[in-house]
Amino acid sequence: MYKSAIAALCLSTCVTGAMAQDLSSGKWIDLTHSFNADSVYWPTADMFTQTEVFAGHTDGGYYYSAYNFAAAEHGGTHLDAPVHFAEGAMSAEEIPISQLVGPGFVIDVSAQAGEDPDYLVSAKDIEAFEAEHGEIPEGAIVLLNTGRASLYPDRESYMGTAARGAEAVADLHFPGLGLDGAKLLVERGIGAVGLDTPSIDYGQSADFSTHVELMTNNISAFENVADMSELPPTGSMIIALPMKIEGGSGGPLRIVAHLPQ
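Residues numbered from 1 in each chain as written. Predicted model: local features only at pLDDT ≥ 70, side-chain atom pairs only at ≥ 80, totals over all residues. Heavy atoms only, no water.

As named in an unreviewed UniProt entry, the protein chain is Kynurenine formamidase, taken from Roseovarius nanhaiticus.

Structure, rendered in structure tokens:
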């Protein structure tokens with residue numbers, strides 16, 4: 001069994017009687033798109049809105065600002081909790097931290113996806129990666145780099161259409177993880193999988209079989225992950241902490257990577 005998340009996070013320093021985490025060196029990479037009015041949401045989902053409560057100098061002489069925000073659970077860089085597509089599976093607040101923090105394995109399929117906007121990452125793609133970098137271990141965070149992050153937040157180029165409403169769903173085009181690839185990752189016992197598109201299933205999916213396969217096995221998905229181009233295939237530590245919404249099927253996600261020196 002692969003190291004626990006806590007042990008894996010011990011990047012270089014040990015102290016007497018305990019493991020310690022040395023995050024003072026190395027490099028941090030933010031894999032999160034900022035939330036704003038341009039954030040990409042599913043055509044049928046409520047968009048992100050932010051309204052000002054107050055911003056300015058108060059009668060007491062100090063500056064103060066506060067805002068309200070509202071949005072669907074699924075939009076921008078976000079989590080799909082297992083209950084999103086599996087009745088009785090884990091909701092957002094039930095996902096253990098050990099499945100949200102772990103060693104990063106980044107599979108680059110940007111060349112293939114660049115030629116085919118409906119590209120499905122297959123078991124063969126994953127096996128080719130493993131042939132070069134070793135088998136993906138239990139507890140890993142697998143990220144699929146399709147190269148789409150550079151198109152965000154232009155919805156037409158990023159997801160195939162800028163239209164809103166149920167009718168627009170038929171016009172969605174973007175890569176995703178194929179069912180055979182999902183089954184292989186379930187076999188590997190990964191902690192979670194993410195990619196730089198609006199959905200772990202490709203845009204033209206009608207049955208969302210990849211969601212179902214992953215989530216009936218209590219594996220979460222991270223969607224609309226930001227630019228992964230600075231990440232190596234292996235050697236990073238991924239930390240992906242969503243809003244802890246009780247009973248939530250997902251929620252906004254802050255995902256970062258740490259690269260040791």
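Together, Val53, Phe54, Tyr62 and Tyr64 line one region of the surface with nonpolar side chains, adding up to about 400 Å² of accessible area. Positionally, Tyr62 belongs in the loop between β4 (49-57) and β5 (63-70). (Patch = residues over 30% accessible without salt bridge, like charges linked within 9 Å, V, L, I, M, F, W, Y side chains within 5 Å. Areas by Shrake-Rupley, 256 points an atom, 1.4 Å probe, with all protein chains shown as cover. Salt bridge = Lys/Arg side-chain N within 4 Å of Asp/Glu carboxyl O. Helix = DSSP H or I, 4+ residues; strand = E, 2+ residues; numbered from the N terminus.)

Axis separation between helix α3 (residues 123-133) and helix α5 (residues 179-188) bottoms out at 7 Å; the angle between their running directions is 45°. It follows that α3 is oblique to α5 by the angle criterion. In this structure, α3 uses Ala123, Ile126, Glu127 and Glu130 to contact α5, whose residues at the interface are Asp180, Gly181, Leu184, Leu185 and Arg188. Across the contact of α3 with α5, the residue classes break down as four nonpolar, one polar and four charged. (Axes fitted to C-alpha atoms, helices over the stretch in contact; angles between N-to-C directions. Parallel < 35°, antiparallel > 145°, perpendicular 65-115°, else oblique. Contact = heavy atoms within 4.5 Å. Nonpolar A, V, L, I, M, F, W, Y, C, P; charged D, E, K, R; others polar.)

Of note, Ile239 is situated in strand β13 (residues 236-242). With residues near it in sequence (within four places) discarded, Ile239 still touches Trp28, Leu100, Val101, Arg254, Ile255 and Val256.

Looking now at the nonpolar core. Within soluble globular proteins, side chains that are nonpolar generally end up buried alongside one another. With 28 residues, the main nonpolar core has Ile136, Leu177, Val193 and Leu214 as its most contacted residues. Not counting the four nearest positions on each side in its chain, Val193 is found in contact with Val142, Leu144, Leu177, Leu185, Ile200, Leu214, Ile219, Ser220, Ala221 and Phe222. Among the nonpolar cores identified, the runner-up in size contains 22 residues, and Leu79, Val106, Leu231 and Ala257 belong to it. (Core = buried A, V, L, I, M, F, W, Y, C linked by side-chain atoms within 4.5 Å. Buried < 20%, exposed > 50% of the residue type's maximum accessible area, 1.4 Å probe, protein only.)

A few words on the pattern of salt bridges. A full pass over the atoms with the stated rule returns three salt bridges. As a salt-bridge pair, Glu230 and Lys27 come within 2.4 Å of each other at their nearest N and O atoms. Note that Glu230 is positioned in the loop between β12 (220-223) and β13 and Lys27 in strand β3 (residues 27-30), a separation of 203 residues in sequence. Given the relative accessible area of 45%, Glu230 is considered partly exposed. Judged by relative accessible area, Lys27 falls into the partly exposed class, the value being 41%. In this structure, the salt-bridge partner of Arg188 is Glu130, at a minimum N-O distance of 2.7 Å.

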